[in-house]
Amino acid sequence: MKQMQRNIQSTPTLPDSATQELLGRTPIPIDMQSIREKMQGKVVLVTGAAGSIGSEICSQIAACAPGALIGFDQAETPIFHLQRGLAKEFPELAFHAEIGSLTRFEDVDRVFNRYHPSIVFHAAGLKHVPLMERHVFATVENNLFGTCIAAEAAAANGAECFIRVSTDKAVLPTSVIGATKRAAELALVAMQKSTGTKFASVRLGNVLGSSGSASTVFAEQIAAGGPLTVTYPAMERYFMTLRESSQVVLYAASVCQGGEIFVPELGTPVKVLDLAEKLIRLLGREPHCEIRIEFTGARPGEKLSEHLSLPQQALTSTKQPEIRTISSAGDLDLYRLRDFRKTLQRAIGLHDRKRVVEFLTQMVPEYIPAPEHLENTAATGASRKTQ
Ligand SMILES: NC(=O)c1ccc[n+]([C@@H]2O[C@H](COP(=O)([O-])OP(=O)(O)OC[C@H]3O[C@@H](n4cnc5c(N)ncnc54)[C@H](O)[C@@H]3O)[C@@H](O)[C@H]2O)c1
């Protein structure tokens, strides 16, 4: 499986020993037997299958003898590599690569109608915080509307469960990415009330070695002789390994009741500076003298630290003690969700970034947007350049 991951990832991977050392804790041990039992013989669909998390989820599922595995993604070449890697590693697997966009109802409808998956993992999404601060419309369309379209298709086709990959950035969001991730969590909780399909979100920390992650960028910077770029010395994050994060998502499918947000216990957050220094040493160099570290300052939408849940939120245990669920996950109802989707759609149609962000703050009241998002931009050239 390790070899296959190397084949399907476009970014350099870290040695396993390095990943473990960087994590600074033991990964959450997941009982794969119950996951195997859940997946065996089932038709399973993974959105964002060609991405870092999606492709790892695919390879974990492939090892559980599913009836069929469908990888849905809009990225042609990465899914081509995924298909080749899976065919080599799992020659018996019935794998179907499907190209399409989650934001186009017809693409999603076609695939769900064709395969009628029982289990759906929704790992597609946009994730780069500073970049997507400048692309508000695409982020709302992808992370919120895309989730709703996929969840509706799963429910309409009688799927057993629909598990979505969320992030700690959804907690007290200060970015469009974080706000849309929280909005998608709320949307699934609202939609749960009208369907027999079990919807759930799983909040992950930063995944080491995933495309564009801090560790991946640092590894590239070290290979180039430095310098490493860190925003602030105090910046800290929760980290997970790729395998751990995928297994936590699979675990959610094996225990979900519908409407939960799963929250893994990830110990103490790690200072990004410590991670950078450790990685330099692990790759045989000396931080600060051989490889310089530069502090670049805050980037749009980023926070100094993230939280997986709020202190006042009640968490319920699952049979895996390190994974809990948030009990009162939100109070958005289906009618208000429909209204928000319509009004957001209309504001996007008018290229009105300010209104889009205002509606997002109504949907996610704890969202604190960047002040420039609330400047008037409706139907101007500026709004199209910086959406
Ligand atoms: N990597 C992390 O550290 C991390 C942590 C927490 C949560 N997440 C979330 O997990 C998800 C996957 O993360 P990743 O690291 O694998 O990202 P990635 O960029 O490697 O993969 C995302 C995949 O989704 C696909 N995709 C995006 N929009 C699509 C659309 N509209 N239709 C079809 N396919 C689409 C992309 O082509 C890509 O292959 C994201 O939503 C991200 O926010 C990631």
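Our structure is the block above this text.
What counts, and where the lines are drawn
Here, residues in each chain are numbered from 1, in the same order as that chain's written sequence. Where local features are concerned, this predicted model is filtered to residues with pLDDT of at least 70; where side-chain atom pairs are given and counted, the filter is 80 or more; whole-chain, interface and lining totals use all residues. Excluded from the side-chain calculations are hydrogens and water; all other atoms, namely the structure's heavy atoms, are used. Residues are classed as near a molecule or strand on a simple rule: at least one heavy atom within 4 Å of it. A 3.5 Å cut-off defines polar contacts: any pair of N or O atoms within that distance qualifies, except that in protein one atom must be a possible hydrogen donor and the other a possible acceptor, and neighbouring residues in sequence count only when both atoms are side-chain atoms. Areas reported as accessible are Shrake-Rupley estimates using a 1.4 Å probe. Residue values count occlusion only from the protein chains shown. Per the convention used, a helix needs a DSSP run of H or I reaching at least four residues, while a strand needs a run of E reaching at least two, with both numbered from the N terminus. Three residue categories are used. Nonpolar comprises Ala, Val, Leu, Ile, Met, Phe, Trp, Tyr, Cys and Pro, charged comprises Asp, Glu, Lys and Arg, and polar comprises the others, including Gly. Helix axes are fitted only over the stretch in contact, all axes being lines through C-alpha atoms; the angle between N-to-C directions runs from 0 to 180 degrees. Should an angle lie under 35 degrees it is considered roughly parallel, over 145 roughly antiparallel, and from 65 to 115 roughly perpendicular; all remaining angles are considered oblique. Handedness of a crossing follows from how the near helix is turned relative to the far one, being left-handed for an anticlockwise turn of less than a right angle and right-handed for a clockwise one. Residue contacts follow a heavy-atom distance rule, with two residues in contact if any of their heavy atoms lie within 4.5 Å.

### Points about the site of the ligand
Then, in step 1: Around the ligand, the structure places 28 residues, and the nearest of them are Asp73, Lys127, Lys181, Val207 and Ser211.
Then, in step 2: Leu102 places a polar main-chain atom, nitrogen or oxygen, 2.9 Å from a nitrogen atom of the ligand.
Then, in step 3: Contact with the protein chains covers 90% of the free accessible surface of the ligand, which is 810 Å².
Then, in step 4: Mapped by element, the contributors of at least two residues to the shell around the ligand are helix H4 (52-62), strand S2 (68-73), strand S5 (161-167) and strand S7 (206-207).
Then, in step 5: Here the element with the most residues in the shell around the ligand is S5; it accounts for 3 residues.
Then, in step 6: Its residues placed into classes, the shell around the ligand shows 11 nonpolar, 14 polar and 3 charged.

### Overview of the packing of helix H8 (residues 136-156) against helix H9 (residues 176-192)
Then, in step 1: At a minimum axis distance of 9 Å, the contact between H8 and H9 shows a crossing angle of 20°. On the basis of their axis angle, the class for H8 and H9 is roughly parallel. Along this stretch, H8 crosses H9, giving a crossing that reads as right-handed. The segment H8 lies against H9, with Val136, Thr139, Val140, Asn143, Leu144, Thr147, Cys148, Ala151 and Glu152 engaging Val176, Ile177, Thr180, Lys181, Ala183, Ala184, Ala187, Leu188 and Met191.
Then, in step 2: By residue class, the composition of the contact of H8 with H9 is 12 nonpolar, 4 polar and 2 charged.

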